[in-house]
Amino acid sequence: CATGKQGFNRDLTAAEIIGQVWQAAHSFGQFGEDPERKITNVVMMGMGEPLLNFDNVVDAMNLMMNDHCYGLSKRRVTLSTSGVVPQLDRLGQHTDACLAISLHAPNDALRNQLVPINKKYPIAMLLASARNYIEGLPDRRRKITIEYTLIDQLNDRPEHAHELAELLRDVPVKINLIPFNPFSLSNYKRVSNNALRRFQKILMDEGFTATVRTTRGDDIDAACGQLAGQVQDLTSRSRRYKLDQSAMQRSDLD
């Protein structure tokens, strides 16, 4: 994801997080007399790791699910994590939102390469913590969403699909397959359609629910994993503009 190349700036406050929902709702006309659309689903993911901003993220999610606020279903607010196990172990004490795991690999050796936090909290530890969370929820029908980004010739082979099926055999999951969206700062390539469908079929034949995330916005580099680089470029240009303006003002004073 291009976000990882952007570097860390700061955590969002709970007000800033819930403010994004407020802004989206108003853009839909949700609070008008005859709203065209309503916000129905929210996923905490993307720009950073939600569990490293634990208090603000939990407060914001609980506001989203509060009947006196946005009243979103607990089955439609999802926290996605790369695997900060100590915080995941705490999560069930504070919320009962849905859980998604950014897995992306069926074994530790490959996940260490793709998701370096795995070196500290390996797959077995992560899945045990995720399973404890989901089994502690009052709704026994809940499943963990496994997010798996398919990268050409790296984690998209049939043997990876079979290994993933074996890894998740006894874990209550549904699997969301995500074709990698290329961006300029990465040498990874998008999985072929044939490899994507073959991977999905293997999982489905093994009895799993395996869906493919639809890619939108890649024609303008605005798809999942692409946007941050453009935002960074705009931020840099804005910073340079401000520095140039400051220099011009100093020149005028001189």
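Residues numbered from 1 in each chain as written. Predicted model: local features only at pLDDT ≥ 70, side-chain atom pairs only at ≥ 80, totals over all residues. Heavy atoms only, no water.

Participant: Give a detailed account of the overall build of the protein, specifying residues and quantitative values.
Facilitator: For the protein, the count of helices and strands is eight helices and six strands. Counting from the amino terminus, helix and strand elements in the protein follow one another as α-β-α-β-α-β-α-α-β-α-β-α-β-α. Residues counted as buried form 40% of the 254 residues belonging to the protein. For the protein, restricting intrachain contacts to residue pairs at least 6 apart in sequence, the fraction spanning at least 24 positions comes to 68%. (Helix = DSSP H or I, 4+ residues; strand = E, 2+ residues; numbered from the N terminus. Buried < 20%, exposed > 50% of the residue type's maximum accessible area, 1.4 Å probe, protein only. Contact = heavy atoms within 4.5 Å.)

Participant: Hey, could you go over the pattern of salt bridges for me, with residue numbers and the actual values?
Facilitator: One pass over the structure, following the stated rule, counts ten salt bridges. Across the pair E135 and R131 runs a salt bridge, and its minimum N-O distance is 2.9 Å. On the criterion of helical spacing, the pair formed by E135 and R131 is a turn pair, its members being four residues apart in helix α5 (residues 123–135). Exposure remark for E135: the relative accessible area of 36% places this residue in the partly exposed category. (Salt bridge = Lys/Arg side-chain N within 4 Å of Asp/Glu carboxyl O.)

Participant: So what's going on with the side chain of R111? Residues and values would help.
Facilitator: Mapping R111 onto the fold places it in helix α4 (residues 108–114). As a buried residue without a salt bridge, R111 has its nearest oppositely charged side chain in D108, at a separation of 6.4 Å. A polar side-chain atom of R111 sits 2.9 Å from a polar atom in the side chain of N118. Apart from residues lying up to four places away in sequence, R111 is in contact with S82, S102, L103, A105, P116, N118, Y121, I123 and L126. (Lys, Arg positive; Asp, Glu negative; His and termini not counted. Polar contact = N/O pair within 3.5 Å; in protein donor to acceptor, adjacent residues only side chain to side chain.)

Participant: Lay out the environment of R169 with the relevant residues and their values.
Facilitator: Its location among the elements puts R169 in the loop between α6 (158–167) and β5 (173–179). For R169, a relative accessible area of 36% puts it in the partly exposed group. Between the C-alpha atom of R169 and that of F208, which follows or precedes it by 39 residues, the distance is 8.8 Å. In contact with R169, not counting residues within four places along its chain, are E206 and F208. A polar contact is formed between the side chain of R169 and the side chain of E206, at a distance of 3.0 Å.

Participant: Account for helix α1 (residues 14–27), naming residues and giving values.
Facilitator: Taking 1.5 Å per residue, 14 residues should reach 20 Å; α1 reaches 20 Å between its end C-alpha atoms and fits that length. Regarding α1, the residues found buried are A14, I17, I18, V21 and A25. Buried residues along α1 cover an arc of 90° about the axis, so they all sit on one side. Along α1, the residues that are exposed and aim more than 90 degrees away from the buried face are A15 and S27. Along its buried surface, α1 packs onto β1 (42–44) and α2 (54–65). Just downstream of α1, G29 is the residue with a positive phi angle, here 75°. (Expected span 1.5 Å × (residues − 1). Arc of directions from axis to C-beta.)

Participant: An account of the nonpolar core is requested, with residue identities and associated values reported.
Facilitator: By size, the foremost hydrophobic cluster in this structure holds 55 residues, and its most contacted members are M64, I175 and L203. The biggest single contributor to this core is α2, with seven residues. Counting five residues, the second-largest nonpolar core is a separate cluster that includes A105, L110, I151 and F180. (Core = buried A, V, L, I, M, F, W, Y, C linked by side-chain atoms within 4.5 Å.)

Participant: Which residues make up the pairing of β5, and what are the values?
Facilitator: Extensive coverage of β5 is indicated by the burial of six of its seven residues. With seven bridges connecting them, strand β4 (residues 144–150) and β5 associate as parallel partners. From the neighbouring strand, Y148 faces β5, where its bridge partner is L177. The β-α-β motif built from β4, the intervening α6 and the parallel element β5 has right-handed crossover chirality. (Pairing = 2+ DSSP bridges. Right-handed = clockwise from strand over helix to strand, strands pointing away.)

Function cannot be inferred from these measures alone, as they are strictly geometric.
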